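What follows is the residue order along each chain.
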Amino acid sequence: MKERRRGPIGRAADLAEGVAAAVRRMQREREPRVLVYDQTGYARLLQPEARGHERILEIGERMVQLAAGEDAGGGARGGGPEAGA
Amino acid sequence: MAGTLTPERTATRLCELSSDARAAVLLDAAGALAGSSDSDPERGRALGDLARELFETVDRATRDWDTEPAEQVEVQVPGGAAFASRTPRWTLAVVARRGALSSLMLYDLRAVLAELEGGPPIRVATPAKEAASRRASEEDAASESPVPELGRDADREET
């Protein structure tokens, strides 16, 4: 078991470790990734070297770009595919 | 039947439910666009094509896996995230803001698809502040809670 540090230096070190862990976690969350879920909700990460990984990320980026355009355009809420046509 | 969710309204419904959702599309079993949250038909169609291609590519990528075909997909990219969920009849895809909670987005997708397929409607709670800002009347009070309000009886006793 890890021995707990005591005193102000120990507390500062604990705090720094917590901040570093949070930064690492945030960086990890920001990394592009593809997760696939089965019917039970079990998630599997599609490895970067897997077939189709790059294409899936491209699709995701394109979808985000389209939606960003939608936000900028301020389009009214639509409906069916013919809405606004 | 009143209150039933239609395919045309499904994508909009999802965007209304989730503040992190920016745009959504619904595809039918054949992969055709059945509804979009945006009024621009071109953009809705493009998003629908991408959503269809997303599952096609995922199916190809996971063909060798010893699991059932994927039901939901999450793609995290620098500007945001795309989520998609499917049933045998429908595919619902949404683009979410950066930092949206995956578990919540995936839950919302499942809940809206369940509502579309005849499940119970999703209940949306009224924020406490909003409810408090409404002018209270005795009729409202009587209909909302059988518990007498504190202080009211005391006022009566004084008069």
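What counts, and at which threshold
Residues numbered from 1 in each chain as written. Chains lettered and ligands numbered in written order. Predicted model: local features only at pLDDT ≥ 70, side-chain atom pairs only at ≥ 80, totals over all residues. Helix = DSSP H or I, 4+ residues; strand = E, 2+ residues; numbered from the N terminus. Buried ≥ 20, exposed ≤ 12 C-beta atoms within 10 Å, placed from the backbone. Core = buried A, V, L, I, M, F, W, Y, C linked by C-beta atoms within 7 Å. Contact = placed C-beta atoms within 7 Å. Nonpolar A, V, L, I, M, F, W, Y, C, P; charged D, E, K, R; others polar.

**Section: the overall build of chain A**
Scanning chain A for helices and strands turns up 2 helices and 2 strands. With 85 residues in all, chain A has 19% of them scored as buried.

**Some points on the nonpolar core**
If you look at the biggest cluster of nonpolar residues, it comprises 48 residues, and the most contacted ones within it are Ala24(B), Leu54(B), Ala82(B), Phe83(B), Leu92(B), Ala93(B) and Val94(B). For Leu92(B), the contacting residues outside a window of four places in its chain are Thr10(B), Leu14(B), Ala24(B), Leu26(B), Ala84(B), Ser85(B), Leu109(B), Val112(B) and Leu113(B).

**Here's the deal with the environment of Ala82(B)**
All names here are of chain B. Locating Ala82 in the fold gives a position in strand E4 (residues 80-86). Under the C-beta neighbour-count criterion, Ala82 is labelled buried, with 30 such atoms within 10 Å. The sequence separation of Ala82 and Arg22 amounts to 60 residues, and the corresponding C-alpha distance is 9.9 Å.

**Thoughts on the interface of chain A and chain B**
Taken together, the contact pairs 40 residues of chain A with 42 residues of chain B. Contributing elements (two or more residues each) for the side of chain A that touches chain B: strand E1 (33-37) and helix H2 (53-73) of chain A. Take the side of chain A that touches chain B: its biggest share by element is 17 residues, from H2(A). Residues that form the side of chain A that touches chain B fall into these classes: 19 nonpolar, 11 polar and 10 charged.

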